[in-house]
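Report on the structure
What follows is each chain in one-letter form.
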Amino acid sequence: MTLAVHGGPPVRSSPLPSTSDRSGRRLGDEERKALDQVIDSGTLWRINGSQVPALEREFADYVGLSGGSCQTIASTSGTSAVHLAVAALRLEPGDEVIVPPITDFGTVAGVLAAGGIPVFADVEEDTGLLTAETIGSVLTSRTRAVIVVHLFGAAADGAAIRAACPPGVRLIEDCAQAYLSVGPDGAPVGTHGDIACFSLQQSKHITAGDGGLTVTDDSELASRMRLFADKGWPRDSGERTHLIFGLNYRMTELTAAVARAQLTKLSGVVADRRTAARICIDGIADCAGLRTVSSADIDRHAFWLLPLLIDEPITVSIADVAAALVAEGVPAAAGYLQQPLYSVPALAEPSTFGTSNLPFAAPYSDRAPGYRDVRCPNTEALVKRRLIVVQINENYTEQDARDIATAIQKVHCACLDGTLT
Ligand SMILES: *Cc1c(COP(=O)(O)O)cnc(C)c1O
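Calculation rules
Residues numbered from 1 in each chain as written. Predicted model: local features only at pLDDT ≥ 70, side-chain atom pairs only at ≥ 80, totals over all residues. Heavy atoms only, no water. pLDDT = per-residue confidence, 0-100. Helix = DSSP H or I, 4+ residues; strand = E, 2+ residues; numbered from the N terminus. Buried < 20%, exposed > 50% of the residue type's maximum accessible area, 1.4 Å probe, protein only. Contact = heavy atoms within 4.5 Å. Pairing = 2+ DSSP bridges. Right-handed = clockwise from strand over helix to strand, strands pointing away. Axes fitted to C-alpha atoms, helices over the stretch in contact; angles between N-to-C directions. Parallel < 35°, antiparallel > 145°, perpendicular 65-115°, else oblique. Left-handed = near helix turned anticlockwise from the far one by under 90°. Nonpolar A, V, L, I, M, F, W, Y, C, P; charged D, E, K, R; others polar.

1. Describing the confidence of the model for the protein chain
Per-residue confidence for the protein chain gives a mean pLDDT of 97, with 100% of residues at or over 70. Across the protein chain, the secondary-structure element scoring lowest on mean pLDDT is helix 11 (residues 345-348), at 95, and the one scoring highest is strand 6 (residues 195-199), at 99.

2. A short note on the environment of Gly-289
Residue placement: Gly-289 occurs in the loop between helix 9 (266-283) and strand 8 (290-291). For Gly-289, a relative accessible area of 16% corresponds to the buried category. For the pair Gly-289 and Pro-313, spaced 24 residues apart in sequence, the C-alpha separation works out to 5.7 Å. Not counting chain neighbours up to four residues away, the residues in contact with Gly-289 comprise Leu-309, Ile-310, Asp-311, Glu-312, Pro-313 and Ile-314.

3. Side note on the environment of Leu-221
By the element assignment, Leu-221 lies in helix 7 (residues 219-228). A residue is classified by how much of its surface remains accessible, and Leu-221, at 1% relative accessible area, is buried. Along the chain, Leu-221 and Gln-202 lie 19 residues apart, while their C-alpha atoms are 28 Å from each other. Once you skip the residues sitting within four places of it in the chain, Leu-221 turns out to touch Ala-88, Leu-89, Arg-170, Asp-194, Ile-195 and Thr-216.

4. Brief notes about the pairing of strand 3 (residues 117-120)
The alternating pattern of strand 3 places Ile-117 and Val-119 and Pro-118 and Phe-120 on opposite faces, both of which are buried. Looking at chain direction, strand 2 (residues 96-99) and strand 3 are connected through four bridges and run parallel. Bridged to Glu-96 within strand 3 is Ile-117. Crossover handedness for the path strand 2 to helix 4 (residues 106-113) to strand 3: right-handed.

5. Remarks on the packing of helix 10 (residues 318-327) against helix 13 (residues 398-417)
Helices that pack against each other are described as a pair by the angle of their axes relative to one another and the distance between those axes. It is the contact of helix 10 with helix 13, at a shortest axis distance of 10 Å, that shows an interaxial angle of 140 degrees. Regarding the angle of helix 10 to helix 13, the classification is oblique. Helix 13 is crossed by helix 10, and the crossing has right-handed handedness. Contacts from Val-321, Ala-324 and Leu-325 of helix 10 reach helix 13 at Ala-407, Ile-408, Val-411 and Cys-415. Residues of the contact of helix 10 with helix 13, tallied by class, amount to seven nonpolar, no polar and no charged.

Take a look at the structure:
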């Protein structure tokens, strides 16, 4: 069959369900009704509202973290959810937080805002995940925390990573892509960290457009996060004062109403993504040089995206493979990122605090600004040569998932027989 990218008929001519509109989202009467109730109440903010506090009470149970001992703080985005977590650690300027270079910018934005230095550890070559070893190789006496990202919905080894954190180094789990993912030890993501962060952005498993949730079982961290999200204002005390520096990251009642309706659908969304992913994975099992999530790991994965890894004997560039898949009607992208995070202008040409280079410069740190000495070969290989991500959606039918597998097979054949070069 002629590839669609060469003018042949595409495997798929009608669009697949997408998270950018109603086709790939489960938004309906439940959300509409909840919003109506908030409008009728006339209270749209959380301060004397009911929806945000209810969401904060319910959330931890829904994501498999023990609701009894955990506290949840709602905020405006996944980025703010991580910012709360970092702010609660009270970094000194130049303190270091270990992060992976293949993730959303929201993982590192809070570190920069808090005057900390994101220190990039490389990821495992086949998973894109931080490991105890890669973290160990960049730990210093200035390390205050590690932010582990459960990339694409695959859980990192939380227990091993926790064990690799020396006393006093906090572990933050960025679970924005990994609702209901389960680690190799059988524990849900978020179990091993001091703090776990989630996002309700449009493309995540559940959405309210934007929104964030931060969970912890440490009551001191929880109170600092609550203050930080509300300008340092101790609302319970009745005083009009500001105990710590904080921003306004308050979630609105409207967002929480939608989020609560979405939470009841979460386990179905993840189950249906696993079903769709299994059909794709089974369908491409025989493609030499193409690797993906192994069948044994499907039920631990949340499939925010389906990663495909290209190896020998395939020599076609990931850009060409992704373009061929898109032409066949499959939503795919090369590399996930255009470049590792340490190479984006915001980090390579640091401008967080004007032209001062702070906190990279003396007296706070002796690290070279701009990450010119960072070496993360596994990350570079994934982003530039090996990784393609395919969208998985809860609303895919069996036929949708089979079409994706067929398209991948077709493009794979063309890679091997030299038709796609
Ligand atoms: C989406 C995402 C964020 C940021 O969440 P927003 O709600 O978009 O601010 C942070 N980390 C990861 C891993 C993400 O996927």
